[in-house]
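# Coordinates in review
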Amino acid sequence: MATLQKWMDITANNMANANTTGFKQDRMLFNDQLQSAVDANGASVGGLGSGAVPRSEYADLTDGSVMPTGDPLNVAISGPGMFQVQTTAGVRFTRDGAFKISPTRQLTTSGGDPLLDSTGKTIELAPGAAAIDAEGNVLVNGQPQTKLLIYSGTFQKEGGNLFSSNDSLARADINLHVGAVEASNVNVIEAMTDMIKLGRNFELSQKSIQTQDDMTEKLIQSLSSR
């Protein structure tokens, strides 16, 4: 039941972020908690498991669908990789390409974290119309001002649509969809189906425990009456 509850929480969080730009759904891996040998007449007849236990969580980094927006500051990454941003906790990474210009003309994510350019510095835009091209160049009035890089590596989800990494490296190739953002990779129908299955399994587990309690109670009453 604890495992099912954990799985339910993860699935519910995935559903809650189904409309979050660049969100990557979480998944779980399981191990069998205990495997006991079953013998009959001195011979082994198999094993008896006592349920699954969560082994680990991981982020599914498969691409979400590309959604056109027409905004020249919106870009979606094609293939693996993430943008590099500066946060209060240090350098982090994101797939959220719905960029905007802050009141101080700094290029930031939709969450307000400043983007870092190819030199590792925040991007202060000169006055004028800003845009980003398919090679990651940041343009002002059609002229390149700086360049974004895409980073690959091992990413760990931290929340807030951000990831950390200890081995990130800049990709040599950059292929962006301009005027578009990447949608969440959550399949809402699949997630809803999972939640229904998890809810039913949770109820069955509750009934199983209640049945065991009732049988134990009857056994105790039977023994105490002798």
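Residues numbered from 1 in each chain as written. Predicted model: local features only at pLDDT ≥ 70, side-chain atom pairs only at ≥ 80, totals over all residues. Heavy atoms only, no water.

### Brief notes about the pairing of strand β15 (residues 156-159)
Each regular strand carries side chains that alternate between the two faces of the sheet. Basically, it comes down to this: We call two strands paired when DSSP finds no fewer than two bridges between them. To qualify as a helix, a DSSP run of H or I must reach at least 4 residues; to qualify as a strand, a run of E must reach at least 2; elements of each kind are numbered from the N terminus.
As paired elements, β15 and strand β16 (residues 162-164) share three bridges and run antiparallel to each other. Looking at the pairing, Lys-157 lines up with Phe-163 of β16. Between β15 and β16, which pair antiparallel in sequence order, lie two residues; one of them, Gly-160, sits at a positive phi of approximately 65°.

### Some remarks on the side chain of Asp-26
To keep it simple, the criterion reads: A simple rule labels every residue: compare its accessible area, found with a 1.4 Å probe on the protein chains alone, to the largest value its type can have, and call it buried under 20%, exposed over 50%, or partly exposed in between. In this description, contact between two residues means that some pair of their heavy atoms is separated by no more than 4.5 Å.
Position of Asp-26 among the secondary structure elements: in strand β1 (residues 26-32). Using a relative accessible area of 14% as the deciding quantity, one classes Asp-26 as buried. In this view, Asp-26 contacts Ile-10, Asn-13, Asn-14, Tyr-58, Ala-59 and Lys-157; residues no more than four positions away in its chain are not counted.

### Things to note about the sheet that holds strand β11 (residues 130-132)
Where we set the bar: Helix axes use the C-alpha atoms of the stretch in contact, all axes being lines fitted to C-alpha atoms, and the angles between their N-to-C directions lie in the range 0 to 180 degrees.
In spatial order, the strands read β11-β12-β13; together these three strands make up an open sheet with antiparallel pairing. Here the strands that pair on one side only, and so sit at the sheet edges, are β11 and β13 (143-147). The sheet shows a mean angle of 30° between the axes of neighbouring strands, direction not considered. Taken together, the three bridges between β11 and strand β12 (residues 137-140) define a ladder with antiparallel strand orientation. Bridged to Ala-131 within β12 is Leu-139.

### Quick notes on the environment of Asn-187
Filter applied, for reference: Here a polar contact means two N or O atoms within 3.5 Å. Within protein one must be a hydrogen donor candidate and the other an acceptor candidate, and residues neighboring in sequence count only if both atoms are side-chain atoms.
When you line up the elements, Asn-187 lands in the loop between β19 (180-182) and α2 (188-224). In this structure the side chain of Asn-187 is engaged in a polar contact, spanning 3.2 Å, whose partner is the backbone nitrogen of Ile-189. Reaching out from Asn-187, the side chain makes a polar contact with the backbone nitrogen of Glu-190 at a distance of 3.0 Å.

### Comments concerning the pairing of β12
Joining the antiparallel neighbours β11 and β12 is a turn of four residues, in which Gly-136 adopts a positive phi near 90°. Direction of pairing for β12 relative to β13: antiparallel, over a ladder of four bridges. Bridge pairing in β13 links Val-140 to Gln-143. In this antiparallel pair of consecutive strands, β12 and β13, the connection spans two residues, and Asn-141 shows a positive phi of 55°.

### Considerations on α2
We apply this condition: One less than the residue count of a helix, multiplied by 1.5 Å, gives the span that helix is expected to have.
If you check α2, its first and last C-alpha atoms are 54 Å apart, about what 37 residues at 1.5 Å a residue would give, namely 54 Å. Where α2 begins, the capping side chain belongs to Asn-187, and its oxygen is found 3.2 Å from the backbone nitrogen of Ile-189.

### Re the packing of aromatic side chains
In this description, an aromatic ring pair is defined by two values, namely the gap between the centres and the angle between the planes. Condition: Note on ring pairs: Phe, Tyr and Trp rings are taken, using the six-membered ring of Trp, and paired if centres are within 6.5 Å. Classes follow the plane angle, with under 30 degrees stacked, over 60 edge-to-face and the rest tilted.
Under the criterion given, the structure shown has four aromatic pairs. Ring centres of Phe-155 and Phe-163 lie 6.5 Å apart, and the angle between their planes is 75°; on these two criteria the pair is classed as edge-to-face. As far as the burial class goes, Phe-155 and Phe-163 line up, both buried. What links up through ring pairs into an aromatic cluster is the set Phe-93, Tyr-151, Phe-155 and Phe-163.

### Some points on the confidence of the model for the protein chain
Detailed reading of the predicted model is not advised wherever pLDDT is low. For clarity, the cut-off: Scored from 0 to 100, pLDDT records how confident the predictor is in each individual residue.
Counting all residues, the mean pLDDT for the protein chain is 88, and 88% of those residues have values of 70 or more. No element of the protein chain has a lower mean pLDDT than strand β2 (residues 35-40), at 56, and none a higher one than strand β10 (residues 107-108), at 97.

### Some remarks on the packing of helix α1 (residues 2-16) against α2
Applied cut-off: Here is the rule for angles: anything less than 35 degrees is roughly parallel, anything more than 145 is roughly antiparallel, 65 through 115 is roughly perpendicular, and the remaining ranges are oblique. A crossing counts as left-handed when the near helix is turned anticlockwise from the far one by less than a right angle, and as right-handed when that turn is clockwise. We call Asp, Glu, Lys and Arg charged. Ala, Val, Leu, Ile, Met, Phe, Trp, Tyr, Cys and Pro are nonpolar, and the rest, Gly among them, are polar.
It is at 10 Å that the axes of α1 and α2 come closest, and there the two elements cross at 160°. Looking at the two axes, α1 sits roughly antiparallel to α2. In this structure, α1 crosses over α2, and the sense of that crossing is left-handed. Taken together, the residues of α2 that come into contact with α1 (itself represented by Leu-4, Gln-5, Trp-7, Met-8, Thr-11, Ala-12 and Met-15) are Ala-191, Met-192, Asp-194, Met-195, Leu-198, Gly-199, Asn-201, Phe-202 and Ser-205. Its residues assigned to classes, the contact of α1 with α2 comprises 10 nonpolar, five polar and one charged.

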